[in-house]
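Topology and contacts: notes
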Amino acid sequence: MSTPEDHQNAGEPMPGAPRPGAAREGTAQTSAEQAAPAQTGSGQPGHVGRSEEDRSANLVHEILSSSWLLSLLALVVALAVGGVLIAAADEQVQEAAGYLFARPTDFIGAAWSAVSEAYVALFHGAVFDGQSATFTRSIRSVTETLTVSTPLILAGLGVALAFRASLFNIGAQGQIIMGATFAAWVGFTWHLPVGVHVVVAVLAGILGGALWGAIPGFLRARTGAHEVIVTIMLNYIAVYLISYLLITPAFQRPGSSNPVSPLLDDTALYPLLLGSGFRLHAGFLVAIAATAFVWWLLNRSTVGFRFRAVGLNPHAARTAGIKVEWAYVLVMIVAGGLAGLAGTAQVMGTEKYLTAGIAASFGFDAITVALLGRSRPIGVFFAGLLFGALRAGGVTMQARTGTPIDIVLVVQSVIVLLIAAPPLVRAIFRLPAPNSRPRSARPAAVKEAQA
Amino acid sequence: MSTVTAPTQGAASQGAVGGSTPGSRKAPITYAVLGLFALVVFGLLGQPGSSTFSVSTRTDLFQITPIGVPSRLTAIVLALVCLGLAAFAALRAKEGRRTPGWVAGTFAAAFVLAFLTWAVAGESIPFTGLLQGTLFLAVPLVFGALSGVMCERVGVINIAIEGQLLAGAFLAAVAASLSGNVYAGLIAAPIAGVLVALLLAVFTITYAVNQIIVGVVLNVLVVGVTGFLYSTVLTVNASSWNQPPGLQRIAIPLLSEIPVLGPVLFRQNLIVYLMYAAVIVANIALFRSKWGLRVRAVGEHPRAADTVGIKVNATRFKNVLLGGAIAGLGGAFFTIGAGLAFGKEMTAGKGYIALAAMIFGRWSPKGALGAALLFGFAEQLRISLGIVGTGIPSQFMLMTPYLVTIFAVAGLVGRVRPPAANGTHYAKS
C-alpha cells in the first residue's frame, strides 16, 4: 500500500481526496505554507548546515524522486504507449508482423519508421519545422503552439485555482463558452473606439465566465451541491444555450443560414504579435499576465491564502475564522473568469467569430493541463505549452503521416494518469520512493516540494 | 421563456418521489404553481382544435383507433387534476403527514399529458412511437446509471461511465463484425467495460488517486484510443472490422400483444430484456440481500465495515469491475443493439446523462430506471415535437435533463444524498 507521502503526492492536485490524518495535518501544513510560500523544486532552504556529502546524496535522491523527473518519465511512457498504438495501426507493420519470426528485423524496422515518422512530424508541427523552405515558415510551428496553448493555459489556471481550494471545476468548457459568447457579443454589437473596445470585450468575457463559474460555487456554498455534477451539467447547458443563441437574430450572422455570429469588429480583436503571417495574438500575453496574477493571488495575497487553507482543510479553516462558503463562491468566480479569458482568446484572437464549437475541447484539456501542472500556476503554464505543442503538432502529424490526432488524447491521458500515481511510475522505472532513505533530514522540505 | 421552463419543472417535480419530508410545504406549493401554469398556458391560452394520439402500431392484434381529443378542454381537465393533487398534497402537509409517492407520479403524468395535448394541438402524434423512442434512448442510460450505482454504493465515484459505454460500443462492434456473430459482440462489450473499470479500480483503489480525476482522464483515454483505432483500422477496412450484425427483435408471445405496452416493452432485443433483469436483480440484491448490505456498508462507513470483517477494498474492486461490465453491456446497445456501425465518440455524452440519472434516481437501481426513462422521454419528446413543430426551441428541450439534475442536487426538489463514503479512499490503519 502507499505511504502517507504518496498520498501527499497523489493527493495534491486533487485536494478533494481526503487523506488519512488530513485533519491532523491541516493546520500544520497551512502554517508551513505560510512560512515558505515560494515555488519549490529541489534544493530549497532547510538544507543549510548539513555536510556536503549528505547534501549531494540528498540532491541525487531528490532529483530521482522529484516531480519533474516523474513528469518527464510519464511523458516518455505516454509517448511509448502512443508509439505502440501507432505501430499497431500501421499497415506495413501489420504486414511485417505476419512473418515476424522469419524476419524480425522487418517488423522492428517497419515499426520504428512508422513511429518515428509520426513523432518527427509531431515535432515539426509543434516546435521547429526543418522541412520548410523559409525560416518564417519553419518558426510558424512554434507560434502555432503558443496560439493553441493560450486558451489551455488560461482555462488550466482556472481549473488549477479551484483545485487549490479543493473544488473540482469540470466546468471550464461551459465557462469558456459563456466567456466567448459575452466577449463576442460586445465585439460585434458595440462599436467602440480602438483600445477601449478590446478592454471592454475582455471584461465582458471575464464576466461571462465568472457568472457561469459562480453558479456551482454558489450552489456548493448554499446547498452543498457537488460542484462536479453541477459543472458537468452546466457544460451541456452552455452548449445548448450557445447553439440556441446562434440561431437568434441577436447573434446569427445576417444573411447566413449557418449558426455562426458576425465577425467581430477589428477594434475588438487581440492585436497580432508577429504580423499577419502568424496567428499568434496578444491573448498569449494575457495568458502570461494571468499566470503571474494567479501566482501572486495564491502565494502572496490574503485571499489566496484563504483559498489554500480551505483547500487543505475546510474545518480547520472555518475554525480559524475563514468564511469557507464565501471562499468557495469567490474561487469559482475567479476560476470562471480565467476560463472566460480563455474564451476571449478563442473568439477575439484565433477564430474571430462565434460558433457553437468555439471552445473545442479546451475546457476538458484544461483539466489535464491543471493536473499535469500540479495546480501550480507556473506548472500549469508549462503544461499548457506542452499540451499546446502536442495539439499543434498533432495537426501537422495527421496531415503529413495520416496518423490521427486522437493519439494526442491518448498521450495526454496517459501522462496525467501516471503523474497522478507516482508509485506506479516509480515501480516502472524502479526509482526510490521519496521518503525511503534520507528521511530525517527533510520532513518540511518534502512537504513543500510535494505540496 | 416561461413556456420553455415548463417541461423542466414538470419533470423536476418527479424528483420529489418519496423525497418529501412530512409537513414540508415545498411540494404542494410547487404543484400548485405548476398546476396553475398548466391551467393558464396549456388550457386557457391553448389553441382550439383537437390533439390526436395514435396508440396502435400496424402489426397489433387489437387495433385501436387513434384517440382525438379537444385540445383545450383536455388540457384544462388535466390541469384541474394537477391542482386537485396540489390541494391533496397541501392537505397532507397540513396534517403533517408524508405525501404518498403516487401523487408525484400522477401529477407528473397529468402535467406532461397536458403539455403534450397543448403542444400537438391540431396535429397528431404517435403515442406508442413516443414511448418506444423513450425506451430506446433510455436503455444505455439505464445501464450506465446502474454501473454508477454499483460503483458509488461502495464509495467509488464512476465518472468513467462515458468511457465504459464507448469502449463497450467499440468492442461490441469490432467483435461482432470480425466473428460475424452478434453474440460475440454481446460478450465482448462487458469485457471492454471491465477493462476500463480495471484501470479505474487500480488507480483509485490501489494507487489512491482521486476518483474523479481518474474518471475524467479515462474518458479522454477511451475517446482517444477508440477514435484512433476507428480512423486507422475501422474506416480503412470497414467491411471486415465495422459492419456488425444487429440483434434481432424478439417478440414475447402474448405479452407483446398488449395494447400500447406490448409493442413498447415486449418487442425488443435481448439487451433490453437484460436491462429489465439487471434492474430487478440489482434492486433486490442491493436492498434485500446480505451482499447488498455489505456493499452499502462499505459505501457508507468503510471503517465500520472493516471492523466487522468485510474486506473493504476487495469489495470495492469487485463492484467497480461489475459496474464496468454493466456499462460495457449498455455500450453494446449503441452498436449491435441498434444495428449500427461504430462511430467516433458515438456515445456523445450519454455517460454523463447516465451519471445524472443515477443521482436523480437517488443511487438506487429503481430510481435510476425512472430517471433514465424520464431523460429518454425528454429527448424523444424533442424529436417527436421537432417533427410536429412547436414554438419551443429544441435546445431547451435538450437542456431539460441537465437542468433537472442541477435542481435535484441543489436540493430544490427533495434532497438527494450520496453514500457517505463516496469519493474517499480507504486505507486500513
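Bear in mind the structure is a predicted one, so any value in this text is a computation, not a measurement. (Residues numbered from 1 in each chain as written. Chains lettered and ligands numbered in written order. Predicted model: local features only at pLDDT ≥ 70, side-chain atom pairs only at ≥ 80, totals over all residues.)

1. Comments concerning the overall build of chain A
- Helix and strand counts for chain A come out as 20 helices and zero strands.
- Residues classed as buried in chain A amount to 55% of the 451 residues present.
- Restricting to contacts in chain A with at least 6 residues of sequence separation, those with at least 24 account for 75%. (Helix = DSSP H or I, 4+ residues; strand = E, 2+ residues; numbered from the N terminus. Buried ≥ 20, exposed ≤ 12 C-beta atoms within 10 Å, placed from the backbone. Contact = placed C-beta atoms within 7 Å.)

2. Here we look at the overall build of chain B
- In terms of regular secondary structure, chain B is built from 17 helices and five strands.
- In chain B, buried positions account for 58% of the 429 residues.
- Taking the contacts inside chain B whose residues are at least 6 apart along the sequence as the reference set, 78% of them involve residues at least 24 apart.

3. Re the nonpolar core
- Within the largest apolar cluster, 297 residues are counted, with the highest numbers of intra-cluster contacts made by B:V142 and B:A357.
- Contact partners of B:V142, with chain neighbours within four places excluded, come to B:M275, B:V279, B:A368, B:L369 and B:A372. (Core = buried A, V, L, I, M, F, W, Y, C linked by C-beta atoms within 7 Å.)

4. Considerations on the sheet that holds strand 3 (residues 124-126) of chain B
Residue and element names in this part refer to chain B.
- Read from one edge of the open sheet, three strands run 2-1-3, paired in mixed fashion. Edge positions in the sheet fall to strand 2 (67-70) and strand 3, since each of these pairs with one other strand and no more. Here the strands of the sheet are splayed against their neighbours by 20 degrees on average, with no regard to which way each runs.
- As defined by bridge partners, strand 1 (residues 50-54) adjoins strand 2 across four bridges and the pair is classed as antiparallel. Counterpart to S51 in the pairing with strand 2 is V69.
- Packing against the sheet, helix 3 (residues 71-94) makes contact with strand 1 and strand 2, and its axis sits at approximately 80 degrees to strand 2. (Pairing = 2+ DSSP bridges. Axes fitted to C-alpha atoms, helices over the stretch in contact; angles between N-to-C directions.)

5. Considering the interface of chain B and chain A
- Contacts between the two partners involve 42 residues from chain B, matched on the other side by 46 residues from chain A.
- Of all elements in the fold, only helix 8 (211-234), helix 15 (350-360) and helix 17 (394-409) of chain B reach the threshold of two or more residues within the side of chain B that touches chain A.
- If you tally residues by element for the side of chain B that touches chain A, the top one is helix 8 of chain B, at 16 residues.
- Considered class by class, the residues forming the side of chain B that touches chain A number 29 nonpolar, 13 polar and no charged. (Nonpolar A, V, L, I, M, F, W, Y, C, P; charged D, E, K, R; others polar.)

6. Some remarks on the environment of A:G321
All names here are of chain A.
- As for its placement among the helices and strands, G321 is situated in the loop between helix 14 (314-319) and helix 15 (324-350).
- By C-beta crowding, G321 is classed as exposed, having 7 other C-beta atoms within 10 Å.
- Linking G321 and V286, residues 35 residues apart in sequence, is a C-alpha distance of 34 Å.

7. A word on the packing of helix 5 (residues 91-98) of chain A against helix 6 (residues 104-126) of chain A
All names here are of chain A.
- Axis separation between helix 5 and helix 6 bottoms out at 8 Å; the angle between their running directions is 170 degrees. Classified by the angle their axes make, helix 5 and helix 6 are roughly antiparallel. Crossing handedness for the pair helix 5 and helix 6: left-handed. Together, Q92, V93, A96 and A97 of helix 5 and D106, F107, A110, A111 and A114 of helix 6 make up the contact between the two elements.
- The class makeup of the residues in the contact of helix 5 with helix 6 is seven nonpolar, one polar and one charged. (Parallel < 35°, antiparallel > 145°, perpendicular 65-115°, else oblique. Left-handed = near helix turned anticlockwise from the far one by under 90°.)

8. Side note on the pairing of strand 1 of chain B
- Summarising the sheet, strand 1 of chain B and strand 3 of chain B pair through three bridges and their orientation is parallel. Bridge assignment links B:F53 to a residue of strand 3 of chain B, and that residue is B:I125.

9. As for unusual backbone geometry
- A positive phi angle is found at A:K352, which is not glycine, with a value near 75 degrees.
- Among the structural elements, A:K352 can be located in the loop between helix 15 and helix 16 (362-372).
- Judged by the 19 C-beta atoms lying within 10 Å of it, A:K352 falls in the partly exposed class.
- Although it is not a glycine, B:W363 sits at a positive phi angle of roughly 60 degrees.
- Summarising the element assignment, B:W363 is placed in the loop between helix 15 and helix 16 (365-388).
- Using a count of 22 C-beta atoms within 10 Å as the deciding quantity, one classes B:W363 as buried.

10. Considering the packing of helix 16 of chain A against helix 17 (residues 377-401) of chain A
All names here are of chain A.
- Between helix 16 and helix 17, the least distance of the axes is 8 Å, while the angle of their chain directions is 130 degrees. As judged from the angle between their axes, helix 16 and helix 17 are oblique. At the point where helix 16 passes helix 17, the crossing takes the right-handed sense. Counted together, D365, T368, V369, A370 and L372 of helix 16 and V380, A383, G384 and F387 of helix 17 form the full contact between these two elements.

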